[in-house]
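# Overview (structure and organization)
Okay, here's what each chain looks like letter by letter:
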Amino acid sequence: MNLFDIVGPVMVGPSSSHTAGAVRIGHIARRLLNEPVAKAEIYLHGSFLATGKGHGTDRALIAGLLEMRTDDERIPDSFSWADKQGMEYSFAGIELREAHPNSVLLKLTGKNGRYQEIVAASLGGGRIKICKIDGLEANFCGDYPTLIVRNQDQPGHVAEVTSMLAHKSVNIATMQLYRDKRGGSAVLVLECDKEVPRESIKWLEKLEGIYKVTYLSLKEGGEEP
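Since the model is a prediction, treat every value here as computed from it, not as a measurement. (Residues numbered from 1 in each chain as written. Predicted model: local features only at pLDDT ≥ 70, side-chain atom pairs only at ≥ 80, totals over all residues. Heavy atoms only, no water.)

By the criterion of burial, helix H4 (residues 57–65) is predominantly enclosed, with 8 of the 9 residues buried. Those residues of H4 lying buried are Thr57, Asp58, Ala60, Leu61, Ile62, Ala63, Gly64 and Leu65. Remark: Glu67 follows H4 within two positions and exhibits a positive phi of approximately 70°. (Buried < 20%, exposed > 50% of the residue type's maximum accessible area, 1.4 Å probe, protein only. Helix = DSSP H or I, 4+ residues; strand = E, 2+ residues; numbered from the N terminus.)

Here it is in structure tokens:
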């Protein structure tokens, strides 16, 4: 059992699931986008939609997208901070199929034009799960440096990725594979014990049959140079 399951995280806000979890979702989504958010379309599902406003879920999500942490005293004023930074944001309701009650769909556009769609859930005690990225399964917690590789479903890609990590002495904590159909699009999700070098990610992006590489860095200032 994690200590957060007993006492909850250090946080600003009334609810670990609706506030602290929402901040973490926003923060991880910002990291996955890998650039400042220019526009955020936010769609709330289930209890996030029903009771989220009273618990500050909307402000918490924006705070996370601004890279605030769960204990940041600016969270209640996150809308003002977003306005000052020129971030556009909107909220609406949505019904997500087979989703956790505390779920959200984020459609994010970065200041340099990157676009990412993320479905995430707050599981309680500040714990979260990234469920989908760009419409494809992901299912990771955001506690480890995470490499998400979207590729054509054909032999060799898993070996290329895992061999590269072994060459860089990066140990794999967990590995998940998903595909939409045989020979279609596939997704490889790897949670790692340490950061993956940026040059290795750029190398992966150039391989034939690789559609997109998304990386969650936990380092401060871990953006592209």
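Time to look at empty space enclosed by the protein. A probe matching the size of a water molecule, rolled over the atoms, marks out where space remains unfilled. As enumerated under the stated definition, the model contains 1 cavity of 30 Å³ or more in all. In this model, the largest cavity occupies a volume close to 80 Å³. Contributing to the lining of the largest cavity are Ile133, Asp134, Leu136, Glu137, Ala138, Ile148, Arg150, Val187, Lys212 and Thr214. Residue assignment for the lining of the largest cavity shows that the elements contributing at least two residues are strand E6 (136–140), strand E7 (146–152) and strand E10 (210–216). Take the lining of the largest cavity: its biggest share by element is 3 residues, from E6. (1 Å grid on protein atoms, 1.4 Å probe; cavity = no way out; pocket = protein on both sides within 12 Å on 5 of 7 lines; lining within 4 Å. Points joined across faces, edges and corners; volume = space filled by probe spheres on them.)

Before going further, it helps to spend a moment on the sheet that holds strand E9 (residues 185–192). The 4 strands lie next to each other as E8-E9-E7-E10, forming an open sheet whose pairing is antiparallel. At either margin of the open sheet sits one strand with a lone partner, and together these are strand E8 (172–179) and E10. Averaged over all neighbouring strand pairs, the angle between strand axes comes to 10°, with direction disregarded. Strand direction decides the pairing type here: E7 and E10, joined by 6 bridges, are antiparallel. By the bridge assignment for E10, Leu147 is matched with Tyr215. Against the sheet, helix H6 (residues 157–167) makes contact with E7, E8, E9 and E10, and its axis sits at roughly 20° relative to E9, the strand it touches most. Each of E7 and E10 touches helix H7 (residues 198–205); the most contacted strand, E10, lies at about 160° to it. (Pairing = 2+ DSSP bridges. Axes fitted to C-alpha atoms, helices over the stretch in contact; angles between N-to-C directions. Contact = heavy atoms within 4.5 Å.)

What follows covers the side chain of Ser103. Checked against the element boundaries, Ser103 lands in strand E3 (residues 102–110). By relative accessible area, Ser103 is classed as buried at 1%. Among all residues touching Ser103, those that are not within four sequence positions of it are Tyr43, Leu44, His45, Phe48, Leu96, Ala120 and Ala121.

Below, the discussion takes up the nonpolar core. Across soluble globular proteins, nonpolar side chains show a tendency to be buried alongside one another. Counting residues in each nonpolar core, the largest one holds 38 residues, and the members touching the most others are Leu32, Ile42, Leu65, Ile130 and Phe140. A per-element tally of this core places helix H2 (residues 16–33) first, with 7 residues. In this view, Ile130 contacts Ile28, Leu32, Ile118, Val119, Ala120, Ala138, Asn139 and Phe140; residues no more than four positions away in its chain are not counted. By size, the runner-up hydrophobic cluster in this structure holds 16 residues, among which are Leu147, Val196, Ile210 and Tyr215. (Core = buried A, V, L, I, M, F, W, Y, C linked by side-chain atoms within 4.5 Å.)

Looking now at the pattern of salt bridges. Taken as a whole, this structure holds 7 salt bridges when the rule is applied. Two residues, Arg24 and Asp143, come together in a salt bridge whose shortest N-O distance is 3.3 Å. One end of the pair, Arg24, is in helix H2; the other, Asp143, is in the loop between E6 and E7, and 119 residues separate them in sequence. Exposure remark for Arg24: the relative accessible area of 21% places this residue in the partly exposed category. The salt bridge involving Arg74 is made with Asp72; its shortest N-O contact spans 2.8 Å. By relative accessible area, Asp72 is classed as buried at 16%. Each member of the salt-bridge network shares a partner with another, and the members are Arg30, Arg31 and Glu67. (Salt bridge = Lys/Arg side-chain N within 4 Å of Asp/Glu carboxyl O.)

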